[in-house]
Amino acid sequence: MEPVKIGLLGLGTVGGGTATVLMRNAEEIARRAGRGIRVDMAAARELERAQELGLTDVRLTENAEEVVNDPDCEVIVELIGGYEPARTLVLQAIENGKHVVTANKALIALHGDEIFKAAQAKGVVVAFEAAVAGGIPIIKALREGLSANEIQWVAGIINGTGNFILTEMRDKGRDFDDVLKEAQELGYAEADPTFDVEGIDAAHKLTILASLAFGIPLQFDACYTEGISKITREDVEYAEELGYRIKHLGVTRRTKKGIELRVHPTLIPENRLIANVDGVMNAVLVMADAVGPTLYYGAGAGAEPTASAVVADIIDVVRTLTSDPENRVPHLAFQPDSLSDIPVLPIEDIKTSYYLRMLAADKAGVLAEVTSILGGAGISIEAVIQKDPKNEKQAEIIMLTHKVREKQMNTAIDKIKALDATFGNITRIRMESLGR
Ligand code: HSE
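Calculation criteria
- Numbers given for residues are sequential positions, taken from 1 along each chain in its written order.
- Residue-level local features of this predicted model are given only where pLDDT is at least 70; pairs of side-chain atoms are given and counted only at 80 or more, and the full residue set underlies all totals for whole chains, interfaces and linings.
- To get the side-chain values, take all heavy atoms of the structure and skip hydrogens and water.
- In this analysis, the protein atoms alone were mapped onto a 1 Å grid. Cavities are point sets where a 1.4 Å probe fits without being able to get out; pockets are open sets with protein on both sides within 12 Å along at least five of seven lines; lining residues have an atom within 4 Å of a point.
- Grid points are joined across faces, edges and corners, and a volume is the space filled by probe spheres set on the points.
- Labels follow the DSSP assignment, with helices taken as runs of H or I lasting at least four residues and strands as runs of E lasting at least two, numbered in each case from the N terminus.
- Polar here means any residue other than Ala, Val, Leu, Ile, Met, Phe, Trp, Tyr, Cys and Pro, which are nonpolar, and Asp, Glu, Lys and Arg, which are charged; Gly is therefore polar.
- We call a residue near a molecule or strand whenever a single non-hydrogen atom of that residue lies within 4 Å of it.
- The term polar contact refers here to a pair of N or O atoms within 3.5 Å; inside protein, the definition further demands a hydrogen-donor-capable atom paired with an acceptor-capable atom, and it admits residues adjacent in sequence only when both atoms are side-chain atoms.
- Surface accessibility in these figures is a Shrake-Rupley result with a 1.4 Å probe; residues are shielded only by whichever protein chains are displayed.
- Accessible area is worked out with a 1.4 Å probe on protein chains only. A residue is then buried under 20% of its type maximum, exposed over 50%, and partly exposed in between.
- The contact criterion used throughout is that any non-hydrogen atoms of two residues lie within 4.5 Å.
- Start and end points for every domain follow an automatic or database-based domain assignment.

S.K.: Which parts of the structure should I look at to understand empty space enclosed by the protein?
M.R.: The method is simple in principle: a probe with the dimensions of a water molecule rolls over the atoms, and the space it marks as empty is what remains. Applying the stated criterion across every chain, the model contains 3 cavities of 30 Å³ or more. If you list the elements that add at least two residues to the lining of the largest cavity, you get helix H8 (160-172) and strand E9 (244-254). Looking at the lining of the largest cavity residue by residue, the class counts come to 3 nonpolar, 1 polar and 3 charged. Lining the second largest cavity are Leu166, Met169, Arg170, Ile231, Thr232, Arg233 and Val236.

Now the structure itself:
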């Protein structure tokens, strides 16, 4: 049988990795897919990249539309990234009856509902394993491996760049900017690295995970997003002193009132496996009713780890080329007419424990004032430490609280900030025990 012809859009970090893996493992891949798979046409900004990668016998163009409209390419692999022109190209490929594989989390999180509807109408597959957590097959796990379960919550370290930065800052005392530059050189960071450090990339990925876990439409705009740029070395040290690690976590949880969907720095007990996931590695912890907790760990970014997921999707698509479109695994795990309209909760309505750090006058009665505000708001304190005064008159107070609704915590923080005896901002980091 003739090999399946792939049209590749983009020969950057992931595109290059995909071409390399397809060529290096061609024989093994053909044995798994039941047919050979070859890149027949590729679009790239710099065509010499094809030669560098050893891509011979491939038709090259700078115009991605030519690939999407080429009659010979059966599967289009979109590795350009970003919202546009990726959206237009993918919709055009679908319109042309081609299957699509993409690593584009921004595209799926924002335009996935539109894209899947178009794919459904045309009977083609849109596969996106590489969009979340790089090489970890978490989409396959949620969509297929865990499909017997009611998923209760998902918590993940799903941005490799952010985790790499936090780890290097903690272990080596390196500066934020210096580590970010290295992450860019290694091909981990997004084109706009604020997407990594401000949590937008993780919010794209969490939006996708929430849909797969709970059968809800993709709702990126409802995701609460907070980055790591305000975390200080002191916060990292104090958290460790209290037995916690700070990780940039995406959390989505089913509650009676709705779905929590949030990305923010989070204190996690240091004895949890996920608290010890370092560097560019990602991990996703899933709590489900039948199986209990399962943890998925692996490289979350980089050329070949991401290519591993892209090529696995290509193999899946090739395997399904002959199967009836009505009997394929649904794009978002649940049948399209069975999605739930359970609401995503605003951040003010979520309940967590908190780490608080504040600068206060070092004199009698100040701690009592703070604890009385917290007590008055029904907020119970789990631990308090006071660090050596910054100067003769000021001390840093660090507190851990029990669970409280965010709205109540906001009111209490405003009252504490208004005290004469406290100075400046109050740092608040949410905490998750990640137990059952
Ligand atoms: N910028 C992303 C990260 C790449 O650092 O995780 C993988 O999606």
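After that view, the rundown keeps rolling.
S.K.: What is the right way to read the site of the ligand from this model?
M.R.: In the vicinity of the ligand, the contacting residues are Lys105, Asn159, Gly160, Thr161, Tyr188, Ala189, Glu190, Asp196, Asp201, Lys205, Gly300 and Ala301. Taking Thr161, its side chain carries an N or O atom lying 2.6 Å from an oxygen atom of the ligand. With respect to the ligand, the backbone of Tyr188 contributes an N or O atom lying 2.7 Å from a nitrogen atom. Within the complex, 94% of the 250 Å² of free accessible area of the ligand lies under protein.

S.K.: Looking at this structure, I do not really get the environment of Asp278. What am I missing?
M.R.: The topology assignment puts Asp278 in the loop between strand E10 (259-269) and strand E11 (281-288). On the basis of relative accessible area, Asp278 is assigned to the partly exposed category, the value being 25%. The residues contacting Asp278, other than those within four sequence positions of it, are Asn163, Thr167, Arg170 and Lys247. Side-chain polar atoms of Asp278 contact the side chain of Lys247, separated by 3.1 Å.

S.K.: Sorry, what's going on with the layout of surface pockets here?
M.R.: In this model, the largest pocket occupies a volume close to 1200 Å³. Lining the largest pocket are 45 residues; nearest its centre among them are Thr13, Leu79, Ile80, Gly81 and Ala191. Where the lining of the largest pocket is concerned, the elements lending two or more residues are helix H1 (13-24), helix H6 (105-122), H8, helix H10 (194-197) and helix H11 (200-214). Among the elements that make up the lining of the largest pocket, the one with the highest residue count is H11 (3 residues). Tallied by class, the residues present in the lining of the largest pocket amount to 18 nonpolar, 16 polar and 11 charged. Two domains each put at least three residues into the lining of the largest pocket: domain 1 (4-135 + 303-338) and domain 2 (140-299).

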